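Observations on chain architecture
In case you want the letters, here they are:
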Amino acid sequence: MAAGNHAYLVPATGRIRIAGVEYGARDGIAIKGAGVLHIEAIEDAELVMVDSA
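Model, not experiment: these values are computed from the prediction.

To continue, consider a nonpolar patch on the surface. On the surface, a cluster of nonpolar side chains totalling about 290 Å² of accessible area is made up of Tyr8, Val48 and Val50. You can see Val48 is positioned in strand β6 (residues 46-52).

A word on the sheet that holds β6. Read from one edge of the open sheet, three strands run β4-β1-β6, paired in antiparallel fashion. Each of the sheet's edge strands pairs with one partner strand only, and the pair in question is β4 (29-32) and β6. Averaged over all pairs of adjacent strands, the angle between their axes in this sheet comes to 20°, without regard to strand direction. Both strand β1 (residues 6-13) and β6 contribute to a ladder of seven bridges, which runs antiparallel. Bridge pairing links Val10 to Val48 in β6.

Let us now look at the nonpolar core. Across soluble globular proteins, you tend to see nonpolar side chains buried next to one another. Ranked by size, the top nonpolar core spans six residues in total: Ala7, Leu9, Ile16, Ile18, Ile29 and Ile31. Breaking this core down by element, the ones donating at least two residues are β1, β2 (16-18) and β4.

What follows is about the sheet that holds strand β5 (residues 39-41). Spatial ordering of the open sheet is given by β3-β2-β5, a layout of three strands whose pairing is antiparallel. Either end of the sheet is taken by a strand with one partner, and the two such strands are β3 (21-23) and β5. Each strand of the sheet is rotated relative to its neighbour by a mean of 30°, with strand direction disregarded. Pairing analysis gives three bridges linking β2 to β3, with the strands arranged antiparallel. Along β3, the bridge assignment pairs Ile16 with Tyr23.

A separate point is the environment of Leu47. Residue position: Leu47 is located in strand β6. Among the residues examined, Leu47 registers a relative accessible area of 39% and is labelled partly exposed. Here the alpha-carbon distance between Leu47 and Leu37, two residues 10 residues apart in the chain, equals 13 Å. Residues within four places of Leu47 in sequence aside, it is in contact with Leu9, Val10, Pro11, Ala12, Ile16 and Ile39.

What counts as what
- Residues numbered from 1 in each chain as written.
- Predicted model: local features only at pLDDT ≥ 70, side-chain atom pairs only at ≥ 80, totals over all residues.
- Heavy atoms only, no water.
- Patch = residues over 30% accessible without salt bridge, like charges linked within 9 Å, V, L, I, M, F, W, Y side chains within 5 Å.
- Areas by Shrake-Rupley, 256 points an atom, 1.4 Å probe, with all protein chains shown as cover.
- Salt bridge = Lys/Arg side-chain N within 4 Å of Asp/Glu carboxyl O.
- Helix = DSSP H or I, 4+ residues; strand = E, 2+ residues; numbered from the N terminus.
- Pairing = 2+ DSSP bridges.
- Axes fitted to C-alpha atoms, helices over the stretch in contact; angles between N-to-C directions.
- Core = buried A, V, L, I, M, F, W, Y, C linked by side-chain atoms within 4.5 Å.
- Buried < 20%, exposed > 50% of the residue type's maximum accessible area, 1.4 Å probe, protein only.
- Contact = heavy atoms within 4.5 Å.

Put into structure tokens, the structure is as follows:
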């Protein structure tokens, strides 16, 4: 993400892990100031991410 931007990430299906925290389908994740984001799929997943300035 560009500096100063923020994002909203939702796993539409499946489960993921970000920084050791697990999220399931339809969990909303607000992201700010992350720079590089490492997302691990725990199972098959479809993600929706909105990046905003």
